Amino acid sequence: MIERWSRDQVLALAPDASSQKAAQGVAAAAKWSLRGTTDGVLFGECKGSGAKPYLACVDLGEPAYRCSCPSRKFPCKHALGLMLMWSADGVPVHEAAPQWVMEWLEGRAERAAKSAAKIETARTRAGSGEPAAPDGESVRHTRVAAGLAELERWLADQVRQGLAGAAGHDWDGLAKRLIDAQAPAVAGVVSRLGRVRAEDGWPGRLLEEYALINLLAVAYRRRAELPGPLARTVLIRAGFPVTREEVLSGPAVRDLWDVLGRRDEEEDRLTARRVWLRGRRTGRAALVLSFAPQGQPLDASLVTGTTIDAELAYYPGAAPLRALVAIRHDRPDGVSAAPPGVAVEEALDEVARALGEDPWTESWPLVLAGVVPGQAALGGLPLHPRARDPWRLIAVSGGRPVTVATEWTPRGVRPLTAWDDDGTAVIL
């Protein structure tokens, strides 16, 4: 049996604020000629502008959504409205779902079986001992090496000349040359330096960024001397891609994964969604990334505050964090709502280990237990400048210790989700 989600958890699935408002408008029994739930599936028929009602259904196990309305938003207001009624215990239990719901579920099951078979085939091939393609000094490696050598010289000049003239730097021009050198990830870091220059305390922040970029350039030049996982991290940080097929062909980690929170950010012309997870048995952290053009729907299958039984395949690297959800299983009953947390000291030790393995780590998910939030700190850890004055978190705490999922960054922690005394997830 799937634990009922809170109103906050449902509304957090909406692609934008207008969808949240529209969903609340259709979350009324009078607008639905049929609504029901059976075996973890919601379904209903909602009155629309035409003669036929819109057919909406939600598979709560993943979740996945389907609606016959013409909306390009995902999930649409009808699916959201159906979930809002369910969260308020306003959807009656039915013995069986309509035929159109069963056909949709059967199609999803068939596609899931094919996907699982492909993953198993890829893993079998990966374990057969077939030699991997050599990482030789290809044309691209030559171009990247030249681009990063120029970057090393440029950084040395900045240190010699001092930071006073940083406002006049052509960071965009340097980033474009790095793109031409086929080092897009490094170009992305360089292009953000202008924003660092506009922040408070920018001299120290800019020097930190210079040091990390220089470390990456030197590591790339000397990658043959590095341990294999660290050398792979350097290549990925430089912009060499890792295919989805390669990730899924590697070993998977099965666990009960707590979905700690998510954050959407605009990157160039794309919207990036970061979803943080932690395994209950393994204690491993994971980051699931998805991208979509601005205005297009993002993956909404991971619901903040829920726990999933799944196999995750990690991207290679010295401190693996990014992962793909390879296979999902039915969630077992009897899983407590709040994830297990750790003391601040233990959390900082974990971050230190991650930084020791991958010094370019920019964020890491933590679950802190027994912390009292303040206006500028959480359990003694400084809050990120964009997370100051967390009144919602303070209200949940009421001055008492609480369990809080956070995103660690070098500039401070960013609260994601808190759990109140009843174990209800409160999205921050």
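Structural data are supplied above this passage.
Residues numbered from 1 in each chain as written. Predicted model: local features only at pLDDT ≥ 70, side-chain atom pairs only at ≥ 80, totals over all residues. Heavy atoms only, no water.

Caption draft 1: Here's a closer look at the pairing of strand β10 (residues 364-371). Of all the eight residues making up β10, six are buried; the element is thus mostly covered by neighbouring parts of the structure. Here β10 pairs with strand β13 (residues 402-409) via six bridges, running antiparallel. Paired with Val367 across the two strands is Ala405, which belongs to β13. (Buried < 20%, exposed > 50% of the residue type's maximum accessible area, 1.4 Å probe, protein only. Helix = DSSP H or I, 4+ residues; strand = E, 2+ residues; numbered from the N terminus. Pairing = 2+ DSSP bridges.)

Caption draft 2: Examining the environment of Glu152 more closely. Mapped onto the fold, Glu152 is located in helix α5 (residues 139-161). Taking C-alpha positions, Glu152 is 56 Å from Glu106, a pair spaced 46 residues apart along the chain. Not counting the four nearest positions on each side in its chain, Glu152 is found in contact with Asn214, Ala217, Val218 and Arg221. (Contact = heavy atoms within 4.5 Å.)

Caption draft 3: Examining helix α3 (residues 77-87) more closely. When you tally the buried positions in α3, you get ten out of eleven residues, the bulk of the element. Among the residues of α3, those classed as buried are His78, Ala79, Leu80, Gly81, Leu82, Met83, Leu84, Met85, Trp86 and Ser87. Where α3 is buried, its residues meet α1 (7-11), α2 (17-26), β1 (32-38), β2 (41-46), β3 (54-59) and β4 (64-67). Looking at the residues trailing α3, positive phi occurs at Asp89, about 60°.

Caption draft 4: Geometry of the sheet that holds strand β9 (residues 323-329). A sheet is described by the order of its strands in space; here five strands give the open sequence β7-β6-β5-β8-β9, paired in antiparallel fashion. Each having just a single partner strand, β7 (285-293) and β9 make up the two edges of the open sheet. If you compare each strand with its neighbour and ignore which way they point, the axes differ by 45° on average. (Axes fitted to C-alpha atoms, helices over the stretch in contact; angles between N-to-C directions.)

Caption draft 5: Inspection of helix α10 (residues 228-238) at higher detail. Among all positions of α10, only Ala231, Thr233, Val234, Leu235 and Ala238 are buried. Looking at the buried side of α10, the elements it contacts are α5, α7 (184-191) and α9 (202-221). Once α10 ends, the next one or two residues include Gly239, with phi positive near 120°.

Caption draft 6: Structural view of unusual backbone geometry. Residues Glu62 and Pro63 are joined by a peptide bond in cis, for which omega reads -10°. Looking at the secondary structure, you find Pro63 in the loop between β3 and β4. For the peptide bond that leads from Phe74 to Pro75, omega is -5°, which places it in the cis range. Following the sequence through the fold, Pro75 ends up in the loop between β4 and α3. Of note in the backbone geometry, Asp89 takes a positive phi value of approximately 60° without being a glycine. Structurally, the position occupied by Asp89 is in the loop between α3 and α4 (99-126). On the basis of relative accessible area, Asp89 is assigned to the exposed category, the value being 56%.

Caption draft 7: Geometry of the pairing of β2. Burial within β2 is extensive, with five of its six residues counted as buried. As paired elements, β1 and β2 share six bridges and run antiparallel to each other. Among the inter-strand pairings, Gly36 is bridged to a residue of β2, identified as Phe43. Where β1 folds back onto β2 in an antiparallel hairpin, the turn is made up of two residues, including Asp39, whose phi is positive at roughly 50°. The pairing of β2 with β3 spans six bridges and is antiparallel. Paired with Phe43 across the two strands is Cys57, which belongs to β3.

Caption draft 8: Geometry of the side chain of Ser19. Counting through the fold element by element, Ser19 comes out in helix α2. By relative accessible area, Ser19 is classed as buried at 5%. Leave out the neighbours within four places in its chain, and Ser19 touches Ala14, Lys73 and Leu80.

Caption draft 9: Looking closely at the sheet that holds β13. The sheet built from four strands is open, its strands ordered β10-β13-β14-β15 with antiparallel pairing. The open sheet terminates on both sides in strands that have one partner only, identified here as β10 and β15 (425-427). Averaged over all pairs of adjacent strands, the angle between strand axes in this sheet comes to 35°, irrespective of strand direction. Against the sheet, helix α12 (residues 344-357) contacts β10 and β13, and its axis sits at roughly 165° relative to β10.

Read these as spatial facts, not as claims about activity.
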